[in-house]
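Below, each chain spelled out in residue letters.
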Amino acid sequence: MVDMATRDDAVPASGESASLLRRVGMPALAVLLLILAWFAVSRLAAEVSYDDLRATIAATAPATLLAALAFTALSFAALTLYDLGALAFVGRRLPLPVVALTSFCAYAVGNTIGFGALTAGAIRYRFYTSQGVEPEEIAGIVTFVTVAFGLGLAGVAGLGLLSAAGEFAHLPLSPAGLQGIGLAVLAVLAGLVLAAGPGRTVRLFAREWRLPSRRLMLRQFLATAVDVSASAAVLWILLPADSASLPAVVALYAVAVGLGVLSHVPAGLGVFETVIVAGLGDRVGIDGVLGALVLYRVIYHLVPLVLAVLVISVLEMRRVVANPLAALALRAATRMAPPTIGAFTLVLGAVLIFSGVTPVGEGPLDLLEVWLPLPVVEGAHFLGSVLGVVLLLVARGLVFRLDGAWWLAMVLVPLSMMLSMAKGVALGETALLATLLLALIVSRRVFSRPASLLHQALSPGWLAAMATLIATAAALLFFVYKEVGYTHELWWQFELSGEAPRSLRALVGIVLTAGFGAGWMLLRPFTAATALPARQEREQAMRIVAAQPRTEACLVAMGDKRLLFSADGRAFIMYGRQGRSWVALSDPVGPRECWPELVWRFVELAGQAGGRAVFYQVSANSLALYADAGLMAFKLGEEARVPLVDFDLKGARRAGLRQAINRGEREQLEFSILPPEQVPARLAELAAVSTAWMAHHKVREKRFSLGAFDPDYLHGQPVAVLTRDGRIVAFANLLLTGLKEEASIDLMRFVPEAPNGVMEVLLTRLMLHFKAEGYAAFNLGMAPLSGLSASAAAPVWHRVGRAVFEHGERFYNFAGLRAFKAKFRPEWQPRYLAVGGGINPMLALTDIAVLIGGGLKGVIGK
């Protein structure tokens, strides 16, 4: 059955167009900036040969390399203070070793890759969510770290300009002008420090920002200064002696890092190098600067990533630990393993690609001439480069824990090790690949998602990363062989000493493989069935509902939502589609061990169809699942759940409910529950009450997260009624499962002439009834937008939601609904929207409103 697109699906809103432009335009712009950056570097390095660069690198003293490693260790130690400061800012405490491990892995991955699920912020979100940290607090942690780094970077740059402006005389600005800029930056930062204090805020970029204490701000600035200065010192110590002072390099380094971040190019590749070469090229030989940059990338980016992989591997090998702190570290390592190993795989794919477009060297070629025939060397060189591209695609699967990606990696990595030895006795490559192989073996249990790697959707970020690496490989090829004149005969030259032809063929193989792989994942037809469920599927879903505790799952009986069942048929997700949004209602339904697979399948299904995955009204204890799938949580409101064990009408707290019951008795209201088999006989009377209620309140039937008065829906459920003189004056259909953990209602309607407080009477009678029946709780449903922070420094999401809660009576009585439910003294439990970041939450809520309203008319009206 073909699922036809609606008119709303076919015509994207302006918000969708802006979102698409941002998702596609920013990565495309980043690739364009990278190409321009490499073009600028090639012009600046026109007089430098590849042999000069290799000689410069080889001449670096071992003591210099050790000093660079020491500065790297100091920088990463300072980075741990970022997370400690951020946790103190939001009022959370976690064990130092666990925070240090999380910080180290997050920065090792984020500094080296830095896009999509492989940013430091995304990795923190995955870990801290699993530790019970609220999404709003995690957002505060990420914001604190980001702002602290930005302000610290500016401060360090200001100090560097102030003390070493004279060393940039070759720049258009005068030394006095540079010192003025540095002084202005420091003055702004000093003002922020003076303004800091408990409860204080500052208004920037049209919003209020809560400032940390002065002590915390000074401590964080010191940590950032140490971090930036130490990482800049890694580059400085690798530069030729007496090339520039440390303050000058620190200032230039801070500017280069800032521009690299703003460019959105992964790891600032190309942009960072261009700024450094342009800033130091007149003072130092270009070959010395380029050699230092290559070593800097290896020491400050590759070495920490390798160490992170080794640490995780060691922890994964210690599966049984008695120490609670060690057990917590082990759980942290398990959550860090997929992104860290995936990032390492991506980096090694890049290493194989770059190795394919660069010469092997005379020494290894002499060995190969003795031991291997030419066809084997040529084939190994070409296939090794192609496998580098395949590893880029496998890396994404490893980040998202696909078992298919793990099995493919287990085949590709040993094969790549053999090819690395066969193409050039590349011992370094082989050692790195062996490290990856070890990490894959000991972390096998982490990659447990049974999903096909070939059916994954590549995001614009991953496409940009692949394009970045291929563009860099092309730039590297042109740099290495710029003295070799191009002729058509190069394609057909097969000689052991003919390295330029081999590299040229490797680049073509890289481009073709990347193009085929990306084209397959982007252009393959979408074949998943998304029709509304048939009766047999609804009956299967209702059997699952009866065996689990959550009553909102009973809404599947409406039949207006599509169903996605788990592979074993024991659980399902019910969802609707509107525009680009695929909206799952609540958490998956069924055994919890089935949830991870369902969440991932749903996210992938939406991605394959070009949509956004949205989970609406999910619980706090499941947020880690959505964080693992790359989604972020935004608080929607709070659900009211009344414990029935101690529910009664005694005491002053429940005086209002007691009075309502007494008033109902005076009004001769009689309470009863119609079992499902008696509902059809009273359906006409119930329909009359419903029609009168809707006409009086001037509302339309809702859908999706609410039931509608549909005979097929009501026939299978008991209905609670209040009657007077035998006539129904109010009713509510009941949502029940077979476990008696909670009871709830959906439709709740009454005639206009019903006595005041009739719903209080009905709900109170229901709670007393279900308490007697042995139910644990009564669910009153969600109060939208309640429980959001009223602070001026709260996140934008909270401040907008709070404003609607307080002033949106024209559209919905948010405050009145919470006040009504509060009469029953419930326990308030937060409910969240899980969706991608950016403007996706706003677009998703717009689509959800259309789903619930049954169309745009339902949103505009009531």
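The structure reproduced in this document is the subject of the present report. (Residues numbered from 1 in each chain as written. Predicted model: local features only at pLDDT ≥ 70, side-chain atom pairs only at ≥ 80, totals over all residues. Heavy atoms only, no water.)

1. Things to note about the overall build of the protein chain
The helix and strand tally for the protein chain stands at 30 helices and 13 strands. Out of the 862 residues belonging to the protein chain, those deemed buried represent 52%. (Helix = DSSP H or I, 4+ residues; strand = E, 2+ residues; numbered from the N terminus. Buried < 20%, exposed > 50% of the residue type's maximum accessible area, 1.4 Å probe, protein only.)

2. So, helix α10 (residues 246-263)
An ideal rise of 1.5 Å per residue puts 26 Å on 18 residues; α10 measures up with 25 Å between its terminal C-alpha atoms. Listed as buried for α10 are Ala-248, Val-249, Val-250, Ala-251, Leu-252, Tyr-253, Ala-254, Ala-256, Val-257, Gly-258, Gly-260 and Ser-263. Within two residues after α10, His-264 carries a phi angle of roughly 65°, on the positive side. (Expected span 1.5 Å × (residues − 1).)

3. Observations concerning a negative patch on the surface
On the surface, a cluster of negative charge is made up of Asp-51, Asp-52, Glu-362, Asp-366, Glu-369 and Glu-483. Secondary structure elements with two or more residues in the negative patch: α3 (50-58) and α14 (362-371). Tallying contributions element by element places α14 first for the negative patch, with 3 residues. Mapped onto the fold, Glu-369 is located in helix α14. On the basis of relative accessible area, Glu-369 is assigned to the exposed category, the value being 55%. (Patch = residues over 30% accessible without salt bridge, like charges linked within 9 Å, V, L, I, M, F, W, Y side chains within 5 Å. Areas by Shrake-Rupley, 256 points an atom, 1.4 Å probe, with all protein chains shown as cover. Salt bridge = Lys/Arg side-chain N within 4 Å of Asp/Glu carboxyl O. Lys, Arg positive; Asp, Glu negative; His and termini not counted. Charge placed at Lys NZ, Arg CZ, Asp CG, Glu CD.)

4. Re the nonpolar core
Core analysis: the biggest nonpolar cluster contains 174 residues, and Tyr-253, Phe-272, Ile-276, Phe-344, Leu-398, Phe-602 and Phe-615 have the highest contact counts within it. Top element by residues in this core is helix α12 (residues 286-317). It accounts for 16 residues. Non-local contacts of Phe-602, meaning those with residues more than four positions away in its chain, are made with Leu-564, Ile-573, Tyr-575, Trp-582, Val-583, Ala-584, Ala-613, Val-614 and Phe-615. Judged by nonpolar contacts, the second largest core, of 73 residues, contains Phe-565, Leu-644, Phe-731 and Val-835. (Core = buried A, V, L, I, M, F, W, Y, C linked by side-chain atoms within 4.5 Å. Contact = heavy atoms within 4.5 Å.)

5. Some details on a nonpolar patch on the surface
On the surface, Leu-307, Leu-310, Val-314, Met-317 and Leu-438 cluster together into a nonpolar patch covering about 410 Å² of accessible area. Sorting elements by how many residues they give to the nonpolar patch places α12 first, with 4 residues. Within the secondary structure, Val-314 sits in helix α12. The exposure class assigned to Val-314 is partly exposed, which follows from its relative accessible area of 45%.

6. Considerations on the pairing of strand β7 (residues 632-643)
Of all 12 residues that make up β7, 9 are buried, and the element is covered over most of its length. Pairing of β7 with strand β13 (residues 827-835), which is carried by 9 bridges, proceeds in the antiparallel orientation. Bridged to Arg-641 within β13 is Glu-827. Examined bridge by bridge, β7 and strand β12 (residues 777-784) share 7 bridges and lie antiparallel to one another. Bridging from a neighbouring strand, Glu-638 pairs with Ala-783 of β12. (Pairing = 2+ DSSP bridges.)

7. Let's talk about the packing of aromatic side chains
In total, this model carries 20 aromatic pairs according to the counting rule given. A centroid spacing of 4.9 Å and a plane angle of 70° characterise the contact between Phe-770 and Tyr-775, whose relative ring orientation is edge-to-face. Here the two residues Phe-770 and Tyr-775 agree in accessibility, since each one is buried. Members of the aromatic cluster, joined through ring pairs, are Phe-76, Phe-104, Tyr-253, Phe-272, Tyr-296 and Tyr-300. (Phe/Tyr/Trp six-rings, centres within 6.5 Å; stacked < 30°, edge-to-face > 60°.)

8. Overview of the pairing of strand β10 (residues 727-735)
In terms of burial, β10 is largely enclosed, as 8 of its 9 residues are buried. Relative to β10, strand β9 (residues 719-724) is paired through 6 bridges, and the arrangement is antiparallel. By the bridge assignment for β10, Thr-723 is matched with Ile-728. Once β9 ends, the chain turns through 2 residues before running back antiparallel as β10, passing Asp-725 with a positive phi of about 55°. Two strands pair when backbone bridges link them, and β10 and strand β11 (residues 743-750) are joined in this way by 5 bridges, in the antiparallel orientation. Its bridge partner lying in β11, Leu-735 is registered against Ser-744.

9. Remarks on the packing of helix α4 (residues 62-90) against helix α7 (residues 135-164)
Remark: α4 packs on α7, axes separated minimally by 9 Å, with the N-to-C direction vectors making an angle of 130°. Looking at the two axes, α4 sits oblique to α7. The hand of the α4/α7 crossing is right-handed. Residue-level inspection shows Tyr-82, Gly-85, Ala-86, Leu-87, Phe-89 and Val-90 of α4 in contact with α7, the latter providing Glu-137, Gly-140, Ile-141, Phe-144, Val-145 and Phe-149. Partitioned by chemical class, the residues of the contact of α4 with α7 number 9 nonpolar, 2 polar and 1 charged. (Axes fitted to C-alpha atoms, helices over the stretch in contact; angles between N-to-C directions. Parallel < 35°, antiparallel > 145°, perpendicular 65-115°, else oblique. Left-handed = near helix turned anticlockwise from the far one by under 90°. Nonpolar A, V, L, I, M, F, W, Y, C, P; charged D, E, K, R; others polar.)

10. Some thoughts on the environment of Arg-219
On the secondary structure map, Arg-219 appears in helix α9 (residues 214-238). Residue class for Arg-219 comes out partly exposed when judged on its relative accessible area of 45%. The spacing of Arg-219 and Leu-81 is 138 residues in sequence and 8.7 Å in space, taken between C-alpha atoms.

11. So, the packing of α4 against helix α5 (residues 96-112)
Two numbers describe how α4 lies on α5: the axes approach to 9 Å, and their chain directions differ by 115°. Taken as a pair, α4 and α5 cross one another with a handedness that is right-handed. Contacts between α4 and α5 involve Phe-76, Leu-79, Thr-80, Tyr-82, Asp-83, Leu-84 and Leu-87 on the former and, on the latter, Leu-96, Val-99, Ala-100, Ser-103, Phe-104, Tyr-107, Ala-108 and Asn-111. Its residues placed into classes, the contact of α4 with α5 shows 11 nonpolar, 3 polar and 1 charged.

12. Some remarks on the sheet that holds β11
If you walk across this open sheet you meet the 11 strands as β3-β4-β5-β6-β13-β7-β12-β11-β10-β9-β8, and the pairing is mixed. Each edge of the sheet is formed by a strand with only one pairing partner; in this case those strands are β3 (562-565) and β8 (670-674). Within the sheet, the average angular offset between the axes of one strand and its neighbour, ignoring direction, is 30°. Two elements, β3 and strand β4 (residues 572-578), share 4 bridges in a ladder whose sense is antiparallel. When the bridges of β4 are listed, Leu-563 appears paired with Met-574.

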